[in-house]
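Here is what each chain is made of, one letter per residue.
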Amino acid sequence: MSTNLENNNMIRRQKRVKRIKSIILFFAILLLFLSVILNFILVIKVFHLQKQVDCLYSVLEYPIECNRML
């Protein structure tokens, strides 16, 4: 009887450990994709800011309108 109970406990433990591993792996992959997406958004915003800075410098050097870029 005790070996059967030990086997059931061991099976439940293995299932629990497998489920926890799956959850950890899922969140690791989710964080990886999330960081890639956020970095891509950040790069786009930096390029947009660079265009704004270039526009402001060009207005200082050559006084022309640059509102369409801002």
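The structure reproduced in this document is the subject of the present report. Quick caveat, the model's predicted, so the values are computed rather than measured. (Residues numbered from 1 in each chain as written. Predicted model: local features only at pLDDT ≥ 70, side-chain atom pairs only at ≥ 80, totals over all residues. Heavy atoms only, no water.)

## Points about the overall build of the protein chain
Working step 1: A tally of regular secondary structure across the protein chain gives 1 helix and 0 strands.
Working step 2: Counting every position in the protein chain, which comprises 70 residues, the buried fraction comes to 3%.
Working step 3: As presented, the protein chain carries roughly 6,900 Å² of accessible surface, and 69% of it is formed by carbon and sulfur atoms. (Helix = DSSP H or I, 4+ residues; strand = E, 2+ residues; numbered from the N terminus. Buried < 20%, exposed > 50% of the residue type's maximum accessible area, 1.4 Å probe, protein only. Areas by Shrake-Rupley, 256 points an atom, 1.4 Å probe, with all protein chains shown as cover.)

## A few points about the packing of aromatic side chains
We describe a pair of aromatic rings using the distance from one ring centre to the other and the angle between the two ring planes.
Working step 1: Within the structure shown, the criterion is met by 1 aromatic pair.
Working step 2: With centroids separated by 5.5 Å and ring planes inclined at 70°, the aromatic side chains of Phe26 and Phe27 adopt a geometry described as edge-to-face.
Working step 3: A relative accessible area of 52% means that Phe26 is categorised as exposed. (Phe/Tyr/Trp six-rings, centres within 6.5 Å; stacked < 30°, edge-to-face > 60°.)

## Observations concerning a nonpolar patch on the surface
Working step 1: Nonpolar side chains collect at one region of the surface, where Leu25, Ile29, Leu31, Phe33, Leu34, Ile37, Leu38 and Ile41 lie side by side and expose about 780 Å² of accessible area between them.
Working step 2: Looking at where Ile29 falls in the secondary structure, it is placed in helix H1 (residues 2-61). (Patch = residues over 30% accessible without salt bridge, like charges linked within 9 Å, V, L, I, M, F, W, Y side chains within 5 Å. Salt bridge = Lys/Arg side-chain N within 4 Å of Asp/Glu carboxyl O.)

## Notes on a positive patch on the surface
Working step 1: On the surface, Arg12, Arg13, Arg16 and Arg19 cluster together into a patch of positive charge.
Working step 2: Here Arg19 is to be found in helix H1. (Lys, Arg positive; Asp, Glu negative; His and termini not counted. Charge placed at Lys NZ, Arg CZ, Asp CG, Glu CD.)

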